[in-house]
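The residues making up each chain are set out below.
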Amino acid sequence: MGVKKDGAATRLFTPGFAAVTAAQALSLLGMEILQFVLPLHLLALTGSGALYGAVIALGNVPYLVLAPIGGVVADRTRKRAVMAACDLVLAAALLGYLALSGTPALVPATVGVLMGAFAAQALYQPCMQSAVPRLVAPERLEQAVAVTNQVGMLTGMGGPVVGGLVYGFLGLGPLTAAAAACFAASGAVVLALVRVPYEPPARTAGALATVRGDLAEALAFLRVRPTMWRVIMAATLVNLFGSSFFNVGSSYVVTQTLGLSSQLLGALQATLAVGGLVGGAVVALRPGGLGLRSVPALLGSAAAGIAAIALVLAAPLPPLGAYAGLVACYLVSMALCAALSIVVTSHLQREAPETLTGKVMALAVMLANLVTPLGQAVYGAAFDLVPAWAVAILAAAAPAAGAVWLRRAVCPPRP
């Protein structure tokens, strides 16, 4: 595994994990800036909302296509080389984009860089996720996953803030150069400091046959472990009904149902990020305190938090009173969802064999990402048909049922 069991090596921030964490922070910061500013610059130049939405949608296509392949790559190649290559290619792509930004090729350049960025993430993330169990002791894995989750939350908050401020004051050039520098620095950290134990697996067929065989092997592994399938479905339910509700419902509820300002909407969105940080901190500060048996309770509690949102919206409260209730509910619900995600991720990483970790994680992430647009579309239509509190009840009902279903598998009744 690459991590010894002596006292010194059981610390959380081993040199390898510290290096991976630093590289992840730099790479994700560059990614957040890129994804926020490039479409925004295109919108500012063209004023076309349709073009803005189409560019973002096209950028997501490579991720959905390459996610399962990324799992195969993570398990069959040197993770360090793949991570460094993704970062350095993106740094070069941004410099190329900067050279084309003042030409008629701006639109295809924007689409190309965004698609390249999402494709790189489809390869980068499985490598990083499957590297973590090899860089920390097993008893530290849950904490390590919490730390990587915190890094993602912080960069998700900081990237758009930094991007928006710098873009507003300095324009596109300095910001694009800064994002390229983040990717280049991440690649340098990976090459210089990251060492992930690696034994090349045997390959007896061509590339396409190898990919098909590896994915079939991962699916066969999961088929005989129904508990792992149920855990993956729990995370999927959170994305389908929870995350989609928060993403779509926040804007509608604050601006349409309550008639409040976009500034208050931004503050409510920030509450989601704070809730995610709180949930990650709770897991990190209680190593081993939340295991697989806690997943049904976490899922059920998250459902209860969304149900509380329905009660707030149905109550005869003034707009600001309802808003205050939403802030409290959002904070608690997101903290529970974040804790659930960390526990599920660490369980999958711990239980999957080393040769299948990347593929299992890629399949889980792909499933969660595939259902998110479906949930967003359903909620968008639902808000036009029924009151907001009724939509919140719908969002709470499915995770609650899922918690009962999952509890039978991970917490069977004692004889």
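Fair warning: this is a prediction, and the values are worked out from it, not measured in the lab.

About the thresholds
Residues numbered from 1 in each chain as written. Predicted model: local features only at pLDDT ≥ 70, side-chain atom pairs only at ≥ 80, totals over all residues. Heavy atoms only, no water. Axes fitted to C-alpha atoms, helices over the stretch in contact; angles between N-to-C directions. Helix = DSSP H or I, 4+ residues; strand = E, 2+ residues; numbered from the N terminus. Parallel < 35°, antiparallel > 145°, perpendicular 65-115°, else oblique. Left-handed = near helix turned anticlockwise from the far one by under 90°. Contact = heavy atoms within 4.5 Å. Phe/Tyr/Trp six-rings, centres within 6.5 Å; stacked < 30°, edge-to-face > 60°. 1 Å grid on protein atoms, 1.4 Å probe; cavity = no way out; pocket = protein on both sides within 12 Å on 5 of 7 lines; lining within 4 Å. Points joined across faces, edges and corners; volume = space filled by probe spheres on them. Nonpolar A, V, L, I, M, F, W, Y, C, P; charged D, E, K, R; others polar. pLDDT = per-residue confidence, 0-100.

**So, the packing of helix H1 (residues 15–46) against helix H3 (residues 79–100)**
Where H1 contacts H3, the two axes come as close as 12 Å, and the packing angle between them is 25°. Taken as axis vectors, H1 and H3 run roughly parallel relative to one another. Read as a crossing pair, H1 and H3 show a hand that is left-handed. Together, Ser27, Met31, Leu34, Leu38 and His41 of H1 and Asp87, Leu90, Leu94 and Tyr97 of H3 make up the contact between the two elements.

**Section: the packing of aromatic side chains**
Following the criterion strictly, the structure yields three aromatic pairs and no others. By way of ring pairs, the aromatic residues Phe245, Phe246 and Tyr330 are connected into one cluster.

**With respect to empty space enclosed by the protein**
Empty pockets left among the atoms are what a rolling probe the size of a water molecule brings to light. For the structure on display, the rule yields two cavities of 30 Å³ or more. Estimates place the volume of the largest cavity at around 50 Å³. What lines the largest cavity is Tyr63, Ala67, Ala122, Gln125, Pro126, Gln129, Ala362, Val365 and Met366. Looking at the lining of the largest cavity, the elements with two or more residues in it are helix H2 (49–76), helix H4 (106–135) and helix H12 (357–385). No other element matches the four residues that H4 contributes to the lining of the largest cavity. Residues that form the lining of the largest cavity fall into these classes: seven nonpolar, two polar and no charged. Computed from the structure, the second largest cavity encloses a volume of approximately 30 Å³. Lining the second largest cavity are Val238, Gly242, Leu299, Ala302, Ala303, Ile306, Cys337 and Pro399.

**Regarding the confidence of the model for the protein chain**
Here the protein chain averages 80 in pLDDT, and 88% of its residues register 70 or above. Low pLDDT, under 50, characterises residues 1–9; the predicted model gives this stretch 16 contacts beyond four residues in sequence or across chains.

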